[in-house]
Amino acid sequence: MKHVILISFVLTMLFCSCNRIKNKGQEITHRTERKIKSKVKDLIDQVFPFFEYDRADTKYNKIRFEEYLEIDLTPDVKQIYCYGDFFGADYVVRFSFSCDSTTIQRIILKKDFKLTLNNDDNGLLFLTEFNWWETEKINKIMAYKNGIEHRYWNYLWYDKENKKAYYELFSL
């Protein structure tokens, strides 16, 4: 009887140990897969930049923010959404983000934006809409603008009340 109990105990311990080893192996495999996928994505991003339009504050959206707006991220910058379309002869890049007015002033200075004199100039008419690109709100805000005729235009809108900014760059 003692032998049966001892054998049962040993078999139970072996079974539990095997399960732990199996689970640990699966955990290591999944972690390795995630690291490899991340490295591959980083390599691809160097050739074809990622714009993750459906999620805010992703690693790539933050990188694109610094690249296109040419300022460092500060703690007040949140809810960064961005979209880029480079197919065809022209391109468009759009950002939406929340920030303080000090960040807007940094962008205006860095990119040499000038306030438009009327509210009729509202950027590019764009058929693809996103819930974070609030066209009706943007159409009511005076835009900051710069660019070169027949080459490209930059637009920046800032909703002071909601501390929400919209940025658009497009080529012609």
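In every chain, residue numbers begin from 1 and rise along the written sequence. Owing to the predicted nature of the model, reporting of local features is limited to residues with pLDDT of at least 70; listing and counting of side-chain atom pairs is limited to 80 or more, with chain, interface and lining totals taken over all residues. Side-chain numbers here rest on the full set of heavy atoms in the structure, without hydrogens or water.

Novice: What should I look at first to understand the sheet that holds strand 4 (residues 143-148) in this one?
Specialist: Spatial ordering of the open sheet is given by 1-2-6-5-4-3, a layout of six strands whose pairing is antiparallel. Each edge of the open sheet is held by one strand with a lone partner, namely strand 1 (78-85) and strand 3 (114-115). Any two strands between which DSSP finds at least two bridges are classified as paired. Here a strand is any run of E in DSSP of at least two residues, a helix any run of H or I of at least four, and the numbering for each starts at the N terminus. Taken together, the six bridges between strand 4 and strand 5 (residues 152-159) define a ladder with antiparallel strand orientation. Opposite Lys145, over in strand 5, you have Tyr155 as the bridge partner. Strands in contact with helix 2 (residues 59-69) are strand 1, strand 2 (92-98) and strand 6 (164-171); relative to strand 2, the strand with the most contacts, it is inclined by about 110 degrees. Working rule for contacts: check all heavy atoms of both residues, and any pair within 4.5 Å makes them a contact. Angles shown run from 0 to 180 degrees and are taken between the N-to-C directions of axes, each axis being a line fitted to C-alpha atoms and, for helices, limited to the stretch in contact. Across the sheet, helix 3 (residues 101-111) is in contact with strand 2, strand 4, strand 5 and strand 6; its angle to strand 5 comes to roughly 160 degrees.

Novice: How should I be thinking about the environment of Ile71 in this particular structure?
Specialist: Within the secondary structure layout, Ile71 lies in the loop between helix 2 and strand 1. Whether a residue is buried, partly exposed or exposed follows from its accessible area with a 1.4 Å probe, protein chains only, as a fraction of its type maximum: under 20%, in between, or over 50%, in that order. Ile71 gets classed as buried once you look at its relative accessible area, which sits at 7%. In this structure the C-alpha to C-alpha distance between Ile71 and Arg106, which are 35 residues apart in sequence, comes to 7.4 Å. Sequence-distant contacts of Ile71, that is, excluding residues within four places in its chain, are made with Phe65, Glu66, Thr103, Arg106, Ile107 and Lys110.

Novice: Before we go on, may I ask you to explain the side chain of Arg94 in this structure?
Specialist: Within the element layout of this structure, Arg94 appears in strand 2. In this structure Arg94 comes out as buried when scored by relative accessible area, which is 2%. At a separation of 2.8 Å, a polar atom in the side chain of Arg94 contacts the side chain of Glu168. A 3.5 Å cut-off defines polar contacts: any pair of N or O atoms within that distance qualifies, except that in protein one atom must be a possible hydrogen donor and the other a possible acceptor, and neighbouring residues in sequence count only when both atoms are side-chain atoms.

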